Amino acid sequence: MPRVIVLDAMGVLYRYGDVQGRVLIPYLRARGCERTEAEIRAAYRAVTLGRITTGQFWAAAGLPEERDEDYCQEHRLTEGAEEALAELAGDGLELACLSNDAAAWSALVRRRFGLERQVRRWFISSDLRARKPDEKAYEAVLGALGLAPEEVVFVDDRPVNLAPARSLGMRTVLFRSDDTDAHPEPAAGREPHRAAGTMPELVAAVRELSPAHG
């Protein structure tokens, strides 16, 4: 029976799965960034792997000062997320998050929306030094939770990110976002245990995986 639900942030808790294309790059362009998209994406990968600080990221993007708080105002909560988290927590499930992000940005956004009241454990790629779909990220989460894989449900909007979780024995739910179709699984024909397109559907999908709500 599931004990912990591990949710992705971008594309699940927050509206845009394509965070670079829909949030970060437009933000930088609006503030005069002239770096190429390839340069921006390389710096983003580095900051989300903990190889550079967020301050170094802004410098790499050609901006004269740190923009953490201003940039983090650009994120939007997925409709119905707060209600869904409250329902899942009310079912007695522990909630956690595994996100490809910079720890400083992740903390600013989740505190802005008050998500730490429900989501108690946050596993961020810059701290883990591993980004999904690197299996090391999932192994780190399982090790920290101290649970068997079958006790964990992993929710992500990218099919490619669900594959390692499923191979380790976790149950998986695909949450469809603007970014889902751009990141299919490399192995054709593999499917998540459940799929959802809205927060109420996500709650229903998780409950279907639990005998108490099946």
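Everything that follows concerns the structure shown earlier in this document.
The notes below deal with the structure included here.

### Notes on the packing of helix 1 (residues 19-30) against helix 2 (residues 37-48)
Packed helix pairs are specified by the crossing angle of their axes together with the interaxial distance, meaning the distance between the axes.
No. 1: Axis separation between helix 1 and helix 2 bottoms out at 11 Å; the angle between their running directions is 110 degrees. Between helix 1 and helix 2, the interaxial angle falls into the category roughly perpendicular. Here helix 1 runs over helix 2; the crossing is right-handed. Between helix 1 and helix 2, the contacting residues are Val19, Gln20, Gly21, Leu24, Ile25, Leu28 and Arg29 on the first element and Glu37, Ile40, Arg41 and Tyr44 on the second.
No. 2: For the contact of helix 1 with helix 2, the residue count by class is six nonpolar, two polar and three charged.

### Comments concerning the side chain of Ser125
No. 1: Structurally, Ser125 is set in helix 7 (residues 125-128).
No. 2: Among the polar contacts listed, one links the side chain of Ser125 to the backbone nitrogen of Asp101, at a separation of 2.9 Å.
No. 3: When neighbours within four sequence positions are excluded, Ser125 is seen to be in contact with Thr48, Leu49, Ser99, Asn100, Asp101, Ala130 and Arg131.

### A look at the side chain of Arg131
No. 1: Note on placement: Arg131 falls in the loop between helix 7 and helix 8 (135-145).
No. 2: No salt bridge forms around the buried Arg131; measuring N to O, its nearest opposite-charge neighbour Asp101 is 7.8 Å away.
No. 3: Within the local environment of Arg131, its side chain forms a polar contact with the side chain of Thr48, the two groups lying 2.9 Å apart.
No. 4: With near-sequence residues (within four places) excluded, Arg131 lies in contact with Tyr44, Arg45, Thr48, Leu49, Asn100 and Ser125.

Scoring rules and cut-offs
Residues numbered from 1 in each chain as written. Predicted model: local features only at pLDDT ≥ 70, side-chain atom pairs only at ≥ 80, totals over all residues. Heavy atoms only, no water. Axes fitted to C-alpha atoms, helices over the stretch in contact; angles between N-to-C directions. Helix = DSSP H or I, 4+ residues; strand = E, 2+ residues; numbered from the N terminus. Parallel < 35°, antiparallel > 145°, perpendicular 65-115°, else oblique. Left-handed = near helix turned anticlockwise from the far one by under 90°. Contact = heavy atoms within 4.5 Å. Nonpolar A, V, L, I, M, F, W, Y, C, P; charged D, E, K, R; others polar. Polar contact = N/O pair within 3.5 Å; in protein donor to acceptor, adjacent residues only side chain to side chain. Buried < 20%, exposed > 50% of the residue type's maximum accessible area, 1.4 Å probe, protein only. Lys, Arg positive; Asp, Glu negative; His and termini not counted. Salt bridge = Lys/Arg side-chain N within 4 Å of Asp/Glu carboxyl O.

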